[in-house]
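Overview (structure and organization)
Here is what each chain is made of, one letter per residue.
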Amino acid sequence: MVSISCISKFHSFSLAEQLEKHGLLSNFYTTYYSKKNSLVSPFIKRIDNEQIPLSKVSTNLPIALSYKVKKTQLEHIKKFDRWVSKKVIPGSEKIFIGWSGMSLETIKTCKRINKLTILERGSSHIENQIGLLEEEYKLFGKTFDRNQEIVDRELEEYEIADYISVPSLFAKQSFIDRGMHPDKLICNAYGCSSIFKAQKNPNGYNGPLIILYLGTLSIQKGIRYLMEALDSLDFDYEAWFIGTVHEDMNSYLQKVKNAKIKLLGYKNHVELQTIIPRCHVAVQPSIQEGLSMVIPQILSCGIPVIASKNSGGEDVITENKNGFIVPIRNPEEIAAKLEYYHQNRPILESLRKETIESSRLVRSWDDYGDSYSQTLKKIVENI
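Now for a look at the structure at hand. The model shown is predicted, which means the values in this text are computed figures rather than measured ones. (Residues numbered from 1 in each chain as written. Predicted model: local features only at pLDDT ≥ 70, side-chain atom pairs only at ≥ 80, totals over all residues. Heavy atoms only, no water.)

1. Overview of the overall build of the protein chain
- Across its full length, the protein chain carries 14 helices and 13 strands.
- Overall, the protein chain is about 65 × 45 × 45 Å in size when its C-alpha atoms are taken along their principal axes.
- For the protein chain, restricting intrachain contacts to residue pairs at least 6 apart in sequence, the fraction spanning at least 24 positions comes to 68%.
- Summing over all exposed atoms, the protein chain offers an accessible surface of approximately 16,900 Å²; the carbon and sulfur share of this is 50%. (Helix = DSSP H or I, 4+ residues; strand = E, 2+ residues; numbered from the N terminus. Contact = heavy atoms within 4.5 Å. Areas by Shrake-Rupley, 256 points an atom, 1.4 Å probe, with all protein chains shown as cover.)

Shown next, in the form of structure tokens:
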């Protein structure tokens with residue numbers, strides 16, 4: 001009934017797995033799947049644990065490899081989009097779900113052959129996203145490199161798609177603010193893998209407060225404001241940064257890092273379950289994203305998250321329960337919340353214990369899949 005298309009992984013594999021569970025998946029178009037491309041998987045770090053029938057997965061290794069190594073990726077996105085557009089045929093499925101920025105030609109093809117189309121947008125409206133990034137780069141003394149062709153392609157996708165699926169109220173509101181009718185928008189918060197579970201903290205609660213940041217270290221992620229907050233703290237702490245350092249942050253990090261800041265680099269998704277529970281509190285200070293997928297992962301481990309409003313965390317964080325929502329570009333607020341947790345260690349221990357006992361305080365991918373599947377069935381009923 002449904003085909004899915006995404007050049008990279010994002011949350012497309014989780015969506016495909018969920019739709020398969022509900023008997024809705026017809027085809028999944030991507031570039032690489034470790035279970036299907038087993039001959040090359042030993043040379044690639046990524047491990048895909050999602051259960052998707054190989055017969056329903058179509059991959060394109062040449063595009064996968066070129067997309068990975070090329071800095072200018074638009075030409076490879078176009079190739080992927082053209083490849084998928086030739087795969088969709090009349091009558092094979094009723095609905096096409098494609099990722100934003102990489103589905104324009106396929107959506108046009110689907111419209112010609114009478115298929116309903118859903119654009120999956122993982123961030124806020126692209127004009128909102130770029131506007132925030134242009135402001136932030138300017139504050140950082142840099143210039144954001146806007147690619148107008150990418151913007152134009154995505155705006156056309158917004159226009160011609162039947163629906164747009166977003167993961168948070170922040171992202172949804174950014175579309176409404178630009179004139180999108182709410183009925184065209186599907187809002188469905190991401191879930192979390194079952195591998196992320198709360199467990200007793202091996203480091204206890206009497207030593208330094210261990211602060212976690214998880215994700216790419218980039219200007220967009222608001223790392224500057226977390227660093228400024230850390231610099232103002234007057235208690236003992238360690239800050240663990242897990243993720244790849246974006247080139248736009250290299251020189252800045254060299255200036256501000258100190259003995260308390262641990263840059264641990266990239267860790268495989270599966271490794272995170274052994275690292276996250278060793279921390280006490282996490283900070284996700286993003287300037288812009290749809291819903292940071294690491295927030296549900298961290299919450300599932302019983303760790304509170306201090307997140308910016310623009311991270312999408314508002315949809316999964318209960319204020320003063322499992323974290324706090326703070327404004328963007330506000331190191332003072334971040335520091336104040338870190339001070340709060342430092343002064344109230346029993347709260348950290350209590351949240352961890354409650355999460356262990358309840359098994360889950362946030363949405364699972366099954367919850368996400370149930371919601372998406374119900375929405376798809378309602379859409380089909382109304383065709």
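2. Regarding the state of the cysteines
- What the rule picks out here adds up to zero disulfides.
- For the unlinked cysteine Cys110, the closest cysteine sulfur is that of Cys6, found at 15 Å.
- Cys110 sits in the buried class, given a relative accessible area of 0%.
- Between Cys301, a cysteine without a disulfide, and Cys192, which holds the nearest cysteine sulfur, the sulfur-to-sulfur distance is 7.1 Å. (Disulfide = S-S within 2.5 Å. Buried < 20%, exposed > 50% of the residue type's maximum accessible area, 1.4 Å probe, protein only.)

3. Quick look at the sheet that holds strand E9 (residues 237-242)
- Taken in spatial order, the six strands make up an open sheet running E10-E9-E8-E11-E12-E13, and their pairing is parallel. For this open sheet the edge positions go to strand E10 (261-265) and strand E13 (323-326), each flanked by a neighbour on one side alone. The mean inter-strand angle of the sheet, taken between neighbouring strand axes irrespective of direction, is 20°.
- Both strand E11 (residues 281-284) and strand E12 (residues 305-308) contribute to a ladder of three bridges, which runs parallel. Paired with Gln284 across the strands is Ala307, a residue of E12.
- Across the sheet, helix H12 (residues 331-343) lies against strand E8 (209-214), E11, E12 and E13, angled at about 165° from E13, the strand it touches most. (Pairing = 2+ DSSP bridges. Axes fitted to C-alpha atoms, helices over the stretch in contact; angles between N-to-C directions.)

4. A short note on helix H7 (residues 169-176)
- Three or more residues of H7 are buried, namely Phe170, Ala171, Ser174 and Phe175. For H7, the angular spread of buried residues about the axis comes to 140°, placing them on one side. (Arc of directions from axis to C-beta.)

5. A few points about the nonpolar core
- In this structure, Ile4, Leu19, Ile97, Ile118, Ile276, Ile298 and Leu376 are the most contacted members of the largest nonpolar core, which totals 77 residues.
- Among the elements that take part in this core, helix H14 (residues 365-381) stands out by supplying six residues, more than any other.
- In this view, Ile118 contacts Ile95, Phe96, Ile97, Gly98, Tyr163, Ser165, Ile186, Tyr372, Leu376 and Ile379; residues no more than four positions away in its chain are not counted.
- Residues Ile211, Leu217, Ile223 and Met227 belong to the second largest nonpolar core, which totals 36 residues. (Core = buried A, V, L, I, M, F, W, Y, C linked by side-chain atoms within 4.5 Å.)

6. Section: the packing of aromatic side chains
- Applying the stated criterion to the full structure yields 16 aromatic pairs.
- Aromatic side chains Phe13 and Tyr33 sit 5.4 Å apart centroid to centroid with 65° between the ring planes, which places their arrangement in the edge-to-face category. With Phe13 in helix H1 (residues 12-21) and Tyr33 in the loop between strand E2 (25-29) and strand E3 (57-58), this residue pair connects regions lying 20 residues apart in the sequence. Tyr33 carries the same exposure label as Phe13, and that label is buried.
- Between the aromatic rings of Phe235 and Tyr237, the centroid separation amounts to 6.5 Å while the plane-to-plane angle is 75°, which identifies the pairing as edge-to-face. (Phe/Tyr/Trp six-rings, centres within 6.5 Å; stacked < 30°, edge-to-face > 60°.)

7. Things to note about the pairing of E12
- Here E12 shows no split at all, with Val305 and Ala307 on one side and Ile306 and Ser308 on the other all buried.
- Chirality of the crossover, the property in question, places the unit of E11, helix H11 (residues 294-300) and E12 among those that are right-handed.
- Judged from the four bridges that link them, E12 and E13 form a sheet pairing that is parallel. Opposite Val305, over in E13, you have Gly323 as the bridge partner. (Right-handed = clockwise from strand over helix to strand, strands pointing away.)

8. Things to note about the sheet that holds strand E1 (residues 2-5)
- The strand order E3-E2-E1-E4-E5-E6-E7 describes an open sheet built from seven strands, whose pairing is parallel. Bordering the open sheet on either side are E3 and strand E7 (185-187), each of which pairs with just one other strand.
- Bridge analysis of strand E4 (residues 95-99) against strand E5 (residues 116-120) gives five bridges, and the strand direction is parallel. What sits directly across from Gly98, in E5, is Leu119.
- Its contacts with the sheet put helix H4 (residues 104-112) on E4 and E5, and the angle it makes with E5 is roughly 160°.

9. Topic: the pairing of E8
- Burial of E8 is extensive: six of the six residues sit out of reach of the surface.
- Relative to E9, E8 is paired through six bridges, and the arrangement is parallel. The residue of E9 that forms the bridge with Leu209 is Tyr237.
- Following the chain from E8 across helix H8 (residues 223-231) to the adjacent parallel E9, one finds a crossover that is right-handed.
- Examined bridge by bridge, E8 and E11 share two bridges and lie parallel to one another. By the bridge assignment for E11, Ile211 is matched with Val281.

10. Here's the deal with helix H6 (residues 148-160)
- Its 13 residues place the ends of H6 18 Å apart at the C-alpha level, agreeing with the 18 Å of an ideal helix rising 1.5 Å per residue.
- Within the sequence span of H6, burial applies to Val151, Arg153, Glu154, Glu157 and Tyr158. In a view along the axis of H6, the buried residues occupy a sector of 165°, so they form one face of it.
- N-capping of H6 is provided by Asn147, with a side-chain oxygen placed 3.1 Å from the backbone N of Glu149. (Expected span 1.5 Å × (residues − 1). Polar contact = N/O pair within 3.5 Å; in protein donor to acceptor, adjacent residues only side chain to side chain.)

11. Focus: the side chain of Ser364
- Looking at the secondary structure, you find Ser364 in the loop between helix H13 (345-358) and H14.
- Judged by relative accessible area, Ser364 falls into the buried class, the value being 12%.
- Here Asp366 takes part through its backbone nitrogen, which lies 3.2 Å from a polar atom of the side chain of Ser364.
- Those residues within four positions of Ser364 in sequence are excluded, and the remaining contacts are Gly191 and Cys192.

The values reported here are purely geometric and, on their own, carry no functional implication.
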